[in-house]
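Structural characterization, general
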Amino acid sequence: MDAEGIERSLTRIAYEILERNKGTDNLIIIGIRKGGISLAERLREKISAIEGTEIMSGTLDITLYRDDVLTTGKRPAIEKTYIPFPLDHKRVIIVDDVLFTGRTIRAAMDALMDFGRPELIQLAVLIDRGHRELPIRADFIGETLPSSLWENISVNLTDNRDTDEVVIEES
Amino acid sequence: MGAQAGLFTSGWRLRNTMDLSKKDMLGIIDLPKDEIDLILDTAESFKEISTRTIKKVPTLRGKTVITLFFEASTRTRTSFEIAAKRLSADTINISASTSSVVKGETLIDTARNLESMNPDIIIIRHSAAGAAHILAGLLKQSIINAGDGAHEHPTQALLDMLTIREKKGTIEGLRIAIVGDIAHSRVARSNIYGLTKMGADVAVCGPAMMMPRDIDQMGVSVYYKMEDAIKDADVVMMLRIQLERQGKNLFPSLREYANLFSLNRDNIRLAKDDVIVMHPGPINRGVEITPEIADGPHSVILEQVTNGVAVRMALLYLLSGGRK
């Protein structure tokens, strides 16, 4: 997937979110950790532009909710979580770049539940690469990329959007 | 998991992994600068948890944290307890006066008995320097030194450094004055080690009989007059004064001490206009610090307390599990 492809997928996802939720009432877009944050920001911009209103957004670091947080040899860095409003009655769209085993999303949902009781949670991802280890699925998908377990898929987004790319590497 | 982000604008330092090199936190003297940065950065992330409605994350669920305090302390012990509980750990508090120590059990036996109950982290405060180090050498658990005699109090220095970094943006190049009974203060010692490591210009001040003999080797400027020490200071750290130490009076009276070494609205003008005033607590109002300074706009004393919980959460997290 190249920069244009990413851009088109995000536009489509923005429209899908609006269609499914019939507008922007109580909508909050929350980006996960590193990968989902700039995607969430782009989605927020697009949705705001389409509807002409500002959408609430936040960022979520799920490191402390991971099921392997104390057992992996080197722990991932903790970044900031910024959700400055209670989530009661809100429609939360969580955004991540790649959906793989589903464990990150499980952790994200546990984290979100500590911030209130959302009306619903929907998941938007740019890439679904399969290999789920938990019963988790995405509501909005940019592209489904079947992959093998020996591959590493990265979404590289830059400030200069012309060089955005999705890369598959042998790991 | 294959997701990696490329570069995007963010004010935060990007790290991929983080670990402390030792299983214990015993002192600042051997703590490398990059590990101090790691602890402070992690603590900043943990601050946010204490502002949530549900002030808890499941990270240390099922872990047992024991606080073993042979010296009285409400503030430090409570801070550790809150930190552990916010990480969902189970906490047990043991005070010397109610424990088997009264029955004559040695420190080492107390510790070995605790070890057999499989705690994960032991936090110890003791009046003898090196007590925490003894436990660290004997037990496989992570040991955190909450103060050993007049030697070190690393978590206090870390929370002080976090506070300074937060208020001033950086520690490097700041002029920091520490005033009080330097010789008997573990807070002063740990702060001196830490702040000099981080590149600050540290000045210490106190009466001559309260200055440690090896102060010249600690990389600080030494003053015996407040006015000289706090001139142009960015940070002034006042230490709690105790007149009686081991049965000896070190100073004729509190009033005389206060006349010479307290921070008040007159001498604070010698420091920079945006100086911050710190104190590890508990404050002796009217002795080392006047009430109007303690409660005034320069004071960050209460922020130190908030940062104390965050720093202790960060340490508990960084010292837990995952060690190969």
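Structural data are supplied above this passage.
Predicted model, so just to flag it, every value in this text is computed and none were measured.

The next thing to look at is the packing of helix 5 (residues 154-168) of chain B against helix 10 (residues 301-319) of chain B. Residue and element names in this part refer to chain B. Packing of helix 5 against helix 10 brings their axes to within 8 Å, and their N-to-C directions diverge by 115°. Relative to helix 10, the crossing made by helix 5 is right-handed. In this structure, helix 5 contributes Thr155, Gln156, Leu158, Leu159, Asp160, Leu162, Thr163, Glu166 and Lys167 to the contact, and helix 10 contributes Glu303, Gln304, Asn307, Gly308, Val311, Arg312 and Leu315.

This structure, assessed with the given rule, holds two aromatic pairs over all chains. With a centroid separation of 5.4 Å and an interplanar angle of 35°, the aromatic rings of Tyr257(B) and Phe261(B) are classed as tilted. With a gap of four residues between them, Tyr257(B) and Phe261(B) both fall in helix 8 (residues 254-261), about one helical turn apart. A relative accessible area of 0% means that Tyr257(B) is categorised as buried. Across from the ring centre of Phe100(A), 3.9 Å away, lies the NZ or CZ of Arg129(A), which sits over that ring.

The biggest cluster of nonpolar side chains holds 90 residues, and the ones touching the most others in it are Leu158(B), Met161(B), Ile178(B), Leu195(B) and Leu316(B). Of all the elements, helix 10 of chain B adds the most residues to this core, at ten residues. Apart from residues no more than four positions distant in its own chain, Leu195(B) is found in contact with Met161(B), Ile164(B), Ile171(B), Ile176(B), Ile178(B), Ala200(B), Val202(B) and Met237(B). Residues Ile13(A), Leu18(A), Leu39(A) and Ala40(A) belong to the second largest nonpolar core, which totals 25 residues.

Another aspect to go through is helix 3 (residues 103-113) of chain A. Residues and elements named next belong to chain A. Where helix 3 is concerned, the buried positions are Thr104, Ile105, Ala107, Ala108, Ala111 and Leu112. The buried residues of helix 3 all sit within an arc of 160° when viewed along its axis, so they share a single face. Residues of helix 3 that are buried in the fold lie against strand 1 (27-32), strand 2 (56-60), strand 4 (91-99) and strand 5 (120-128).

Conventions used here
Residues numbered from 1 in each chain as written. Chains lettered and ligands numbered in written order. Predicted model: local features only at pLDDT ≥ 70, side-chain atom pairs only at ≥ 80, totals over all residues. Heavy atoms only, no water. Axes fitted to C-alpha atoms, helices over the stretch in contact; angles between N-to-C directions. Helix = DSSP H or I, 4+ residues; strand = E, 2+ residues; numbered from the N terminus. Left-handed = near helix turned anticlockwise from the far one by under 90°. Contact = heavy atoms within 4.5 Å. Phe/Tyr/Trp six-rings, centres within 6.5 Å; stacked < 30°, edge-to-face > 60°. Buried < 20%, exposed > 50% of the residue type's maximum accessible area, 1.4 Å probe, protein only. Lys NZ or Arg CZ within 6 Å of the ring centre and 35° of its normal. Core = buried A, V, L, I, M, F, W, Y, C linked by side-chain atoms within 4.5 Å. Arc of directions from axis to C-beta.

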